[in-house]
Every structure is written in C-alpha cells, then in structure tokens.
Amino acid sequence: MPKTCPVCKEDTLLLKELEPKLFSSRCSKCDGVFISAEQYDQWLHIHGENLPEKPSEESMKIAPAESFGAKFCPECKFMLMKYKVGHKLSFAINRCGHCGGMWFDKNEWEVLKSRNLHDDIHFVFSHAWQSAVRAEEHQTAMDEILRREIGDADLEEIRRIRAWLHKHPHSAELYAYLLRR
Ligand SMILES: [Zn+2]
Ligand SMILES: [Zn+2]
C-alpha cells in the first residue's frame, strides 16, 4: 500500500533503494524521500566508517526544493519537526518526533551526500549540532554587518589575520599587543 507524501498529501510514496541497502519511500510526484529511523540505523551499521565531511565548495551545485508548511509523518501521522543542517547548507531536515522517521525534500539527500553529511543525519538532531548551527548563523550575521561596513577586501584581510593569529605559537602575546593602545 503506498503511503501518504507529507508534501503532496497523496498516496504517492513507493519503496525505493536510495543507497545500496538503504530502503526509503520516494514520492513519485515531488521526488521527496522518507527514511524510517530503523532503516537508517541499519544502513549506518553496514555503511562502515563515518565519511569525513567535505568542504562547502565541493557541495553539489543544485538547489534542494525545500517545501514549507506543516508536514505529517507517513508512518505514524505525527507532525514533522524541522532541524537546520547548517555547515553552509541553508535547508532543514524534517523529522518525526514520534517514530524518528526522516523526510528529505527533493535533492536534499543528494546534496547532503555530496558533502558526506548523509551519514551524520542522526547527529543533526542532537542538541550539540543544533547549538553549533545557531552559533554559525550568528557568526554569519555578524560577518555580514562587518562586510557592509568595511567591504569585501578588508573583511577578507581581517579573516586572514585572524586565522594567522589563531594558529601562531605566541597568539596570546600578539593579541595583547594589538589591544595595547
Ligand atoms: Zn510528494
Ligand atoms: Zn512518525
């Protein structure tokens, strides 16, 4: 029996092997994908070592078709909750608070895979990951304010200096020197 797509609200979800040994329900209409918590856990187990995250430059250059509005779990009908991915990706993953099933809008899984984040989804729902996402958003907002004030070239320069200072063996002394008036 096909299940109901959280986006299309129609019985359009059909079984599909998303990755070798990772079974999902894919919507034939919107191309979104539902993965149950059990399926994901089993796949993680056979998938082996956690793959190292790839930098955002290597991200698949394709915009996920993020859908908005309330979504309900195809398995248990509970409301899905949004969890921002962060790490320079602008979309959120939906997860059922009841059964732990996960919904990916069209291309979200592929984009996550292009960054090797598809084997970290279970971490995305953690408190630690979510507070890191909020810190990243804050940093981006602060950088944006500074960029508007000083321009791209100077922002690039101060970032370079900061990175150099940060890894310098005498960074504490150098910081102190800079703050001296
Ligand atoms: Zn759909
Ligand atoms: Zn559910």
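Here the structure is a predicted model, which is why all the values come from computation and not from measurement.

**Structural notes on the overall build of the protein chain**
Okay, step 1: Helix and strand counts for the protein chain stand at 6 helices and 6 strands.
Okay, step 2: Listed by position from the N terminus, the elements making up the protein chain come as β-β-β-α-β-β-β-α-α-α-α-α.
Okay, step 3: Against the 2.2 N^0.38 benchmark of 16 Å for 181 residues, the protein chain shows a C-alpha radius of gyration of 21 Å, more extended than a compact globule.
Okay, step 4: If one aligns the C-alpha atoms of the protein chain with their principal axes, the spans along those axes are about 75 × 35 × 30 Å.
Okay, step 5: Here the protein chain, with 181 residues, has 35% of them falling under the buried criterion.
Okay, step 6: Counted over contacts in the protein chain with a minimum sequence separation of 6, partners at least 24 positions apart contribute 50%.

**Things to note about the coordination of the zinc ion (ligand 2)**
Reference values for angles at a metal are 109.5 degrees in the four-donor tetrahedral case and 90 or 180 degrees in the six-donor octahedral case.
Okay, step 1: At this site the zinc ion (ligand 2) is bound by Cys 73 (SG), Cys 76 (SG), Cys 96 (SG) and Cys 99 (SG), with donor distances of 2.2 to 2.3 Å.
Okay, step 2: Because the angles between the 4 donor atoms bound to the zinc ion (ligand 2) fall within 99 to 123°, the donor set is best described as tetrahedral.
Okay, step 3: When the donors of the zinc ion (ligand 2) are listed by position in the chain, the intervening gaps give C-x2-C-x19-C-x2-C.
Okay, step 4: The buried category is assigned to Cys 96, whose relative accessible area is 1%.
Okay, step 5: By relative accessible area, Cys 99 is classed as partly exposed at 32%.

**Notes on the environment of Glu 136**
Okay, step 1: With respect to the helices and strands, the residue Glu 136 is situated in helix α4 (residues 127–150).
Okay, step 2: Separated by 48 residues in the primary sequence, Glu 136 and Lys 88 have C-alpha atoms spaced 8.6 Å apart.

**Description of the packing of α4 against helix α5 (residues 152–167)**
Okay, step 1: Remark: α4 packs on α5, axes separated minimally by 7 Å, with the N-to-C direction vectors making an angle of 130°. Our classification of the angle between α4 and α5 gives oblique. In contact with Gln 139, Asp 143, Leu 146, Arg 147 and Ile 150 of α4, α5 contributes Asp 152, Asp 154, Leu 155, Arg 159 and Arg 162.
Okay, step 2: Residue composition of the contact of α4 with α5, by class: 3 nonpolar, 1 polar and 6 charged.

**A closer look at the coordination of the zinc ion (ligand 1)**
Okay, step 1: Each protein donor to the zinc ion (ligand 1) is listed here as Cys 5 (SG), Cys 8 (SG), Cys 27 (SG) and Cys 30 (SG); together their distances run 2.2 to 2.3 Å.
Okay, step 2: Considering all 4 donor atoms around the zinc ion (ligand 1), angles at the metal cover 103 to 115° and the coordination shape is tetrahedral.
Okay, step 3: Within one chain, the residues donating to the zinc ion (ligand 1) are spaced in sequence as C-x2-C-x18-C-x2-C.

**Observations regarding the side chain of Asn 107**
Okay, step 1: Within the element layout of this structure, Asn 107 appears in the loop between β6 (102–104) and α2 (108–114).
Okay, step 2: Note on Asn 107: relative accessible area 15%, which makes it buried.
Okay, step 3: Setting aside anything within four residues of it in sequence, one finds Asn 107 in contact with Ile 62, Ala 63 and Pro 64.

**A closer look at the confidence of the model for the protein chain**
Okay, step 1: For the protein chain, the average pLDDT comes to 93, and 100% of its residues sit at 70 or higher.
Okay, step 2: Taken element by element, the predicted model of the protein chain shows its lowest mean pLDDT in helix α6 (residues 171–179) (92) and its highest in strand β3 (residues 33–35) (98).

**Concerning the pairing of strand β1 (residues 13–19)**
Okay, step 1: Here 6 bridges tie β1 to strand β2 (residues 22–27), and the two strands are oriented antiparallel to one another. Bridge pairing links Leu 14 to Arg 26 in β2.

Basis of the calculations
Residues numbered from 1 in each chain as written. Chains lettered and ligands numbered in written order. Predicted model: local features only at pLDDT ≥ 70, side-chain atom pairs only at ≥ 80, totals over all residues. Heavy atoms only, no water. Helix = DSSP H or I, 4+ residues; strand = E, 2+ residues; numbered from the N terminus. Rg over C-alpha atoms; globule rule 2.2 N^0.38 Å. Buried < 20%, exposed > 50% of the residue type's maximum accessible area, 1.4 Å probe, protein only. Contact = heavy atoms within 4.5 Å. Donors = N, O, S within 2.8 Å, 3.2 Å for Na, K, Ca; no water. Tetrahedral: all angles 85-135°; square planar, octahedral: opposite > 155°, others 65-115°. Axes fitted to C-alpha atoms, helices over the stretch in contact; angles between N-to-C directions. Parallel < 35°, antiparallel > 145°, perpendicular 65-115°, else oblique. Nonpolar A, V, L, I, M, F, W, Y, C, P; charged D, E, K, R; others polar. pLDDT = per-residue confidence, 0-100. Pairing = 2+ DSSP bridges.

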